[in-house]
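Each chain, letter by letter, is given below.
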Amino acid sequence: MLTVPMRPWIATAIVVASLLSAVAAGQQAFGNAVARVLPDTAAKASSSSPYPLEKLARANMAVGTQEQGFASVNVSKSLPYAREALDRSLLSPLSLAILAWNAPPEQRERILAAASNISRREALLQTALMIQASARGDDAATLPIIDALLRVNPEATGTIGNGLVQALRQEAAIPELRKLMAGGAPWSDAFLISASRDAEAVDNLVRLRLALPPEADISPETDRELVVNLVRAGNFGGAIALYRAFDPSGKTAAQAQQLDWKAQFPPFDWGLADSYDAYARTRREGGLAIRVQPGSGGVLATRMLDLPSQVTALRIEHAIDIAGDRDTLSAKLTCAGDGPELSAKDFTTSPVVLPVPARPAGCDVLVLSIEGRAWSTGDTIEGPITAIKLLR
């Protein structure tokens, strides 16, 4: 079979499939232990089963990797065993794949089609089909083959999954990946998380995730990790889109009259400090319970907000008494992603009104943080924040 230039992610999948084919153990349950241990002897002793000859054909394949990133498989020593195995049974995908490997193009197509109709679980057949598709310039056709490879060989998910991430950098791969994942592929969650860490794939990742139906069975933990990774990468638009789609309440700050108190989906839900001496915790009746012991402090609660431009301020209602002269509790708004501080206000008598000024260009997402510090010689800061309302 000709080796042709191909995309690195396809080459990676082909190399892995080739190696899997070279080391794969036989799957036929005919129970001949001799065939597994002494295939030469078994091949001579058995005149009906193709299994010993398949074992010999596999053992005689030479697999390597060319410097250009192509898979190099030499099947010349395997051909005699493959032909004899086919004399015993035509239902041998491995033997058919070996026979097709160096066949003329038209004949190769027919043989590979016949082998595919029997089973696509054979790694060498998957290798041949991927090379064939790449030679036609049909990268999308390699994706179902990679899916079949990963379902049969989940141990290859890490290596080949990185190749799928590279494939997702091309928008043309989205429809095929959606088709593969729509029914619940076992590699989906790991693939999506890996893609969320790839700067060149994240935009298409968001499109793909939003296109997947519920039957894809993506775990809520995966969706939370996708949002967090997108925020870390500065892709706030994508993070918001996923949060709006998969937040169980279906409501964001942009649609609400006041902030809710959910802490299940940070950073667009609340991220809360929870140490013994300084914490913010959700209250059963709503709101946050704040406590900062003397000598402690820091950021107690944070939340990203996608506020509409009509919101001019946040009205923070509370029942917290700041007794010490040097003890402080404050609310602060900044632009997400190491952006500038827009406004800050110390807690005094309730309510505290925190202005939302005009935002600079690129400041589409805000971060609200509540910080407190109690001096070692001061009093404990303690009490509830009962509501944060959006003023328009």
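Residues numbered from 1 in each chain as written. Predicted model: local features only at pLDDT ≥ 70, side-chain atom pairs only at ≥ 80, totals over all residues. Heavy atoms only, no water.

### Structural notes on the environment of Val-231
1) Next: Structurally, the position occupied by Val-231 is in helix H14 (residues 220-232).
2) Next: On the accessibility criterion, Val-231 (13% relative accessible area) is buried.
3) Next: Between the C-alpha atom of Val-231 and that of Ser-196, which follows or precedes it by 35 residues, the distance is 10.0 Å. (Helix = DSSP H or I, 4+ residues; strand = E, 2+ residues; numbered from the N terminus. Buried < 20%, exposed > 50% of the residue type's maximum accessible area, 1.4 Å probe, protein only.)

### Some words on the nonpolar core
Inside soluble globular proteins, nonpolar side chains tend to come together where they are buried.
1) Next: Among the nonpolar cores identified, the biggest contains 67 residues, and Leu-168, Leu-177, Trp-187, Phe-191, Leu-192, Leu-208 and Phe-268 are the most heavily contacted of them.
2) Next: Excluding its chain neighbours within four sequence positions, the residues that come into contact with Leu-192 are Met-181, Leu-205, Leu-208, Arg-209, Leu-212, Ile-218, Thr-222 and Leu-226. (Core = buried A, V, L, I, M, F, W, Y, C linked by side-chain atoms within 4.5 Å. Contact = heavy atoms within 4.5 Å.)

### Concerning the side chain of Ser-369
1) Next: Within the element layout of this structure, Ser-369 appears in strand E11 (residues 366-374).
2) Next: We classify Ser-369 as buried; its relative accessible area is 8%.
3) Next: Residues within four places of Ser-369 in sequence aside, it is in contact with Ala-301, Thr-302, Ser-330, Ala-331 and Lys-332.

### Describing helix H6 (residues 93-101)
1) Next: When you tally the buried positions in H6, you get eight out of nine residues, the bulk of the element.
2) Next: Within H6, the full set of buried residues consists of Pro-93, Leu-94, Ser-95, Leu-96, Ala-97, Ile-98, Ala-100 and Trp-101.

### Quick look at the pattern of salt bridges
1) Next: Per the stated rule, a full pass over the model turns up 18 salt bridges.
2) Next: Salt bridges sharing common partners tie together Asp-260, Lys-262, Asp-269 and Arg-303. (Salt bridge = Lys/Arg side-chain N within 4 Å of Asp/Glu carboxyl O.)

### Here we look at the packing of aromatic side chains
By convention here, two paired aromatic rings are described through the distance between centres and the angle between planes.
1) Next: What the rule picks out here adds up to three aromatic pairs.
2) Next: Measuring from ring centre to ring centre gives 5.8 Å for Trp-187 and Phe-191, while their planes differ by 75 degrees; the resulting arrangement is edge-to-face.
3) Next: For Phe-191, a relative accessible area of 3% gives the class buried.
4) Next: Summarising the aromatic geometry, the rings of Tyr-243 and Phe-268 are spaced 5.2 Å apart at their centres and angled 25 degrees between planes, so their arrangement reads as stacked. Residue Tyr-243 is found in helix H15 (residues 236-246), and its partner Phe-268 is found in the loop between H15 and strand E3 (271-272); the two are separated by 25 residues along the sequence. Neither Tyr-243 nor Phe-268 differs from the other in exposure class; each is buried. (Phe/Tyr/Trp six-rings, centres within 6.5 Å; stacked < 30°, edge-to-face > 60°.)

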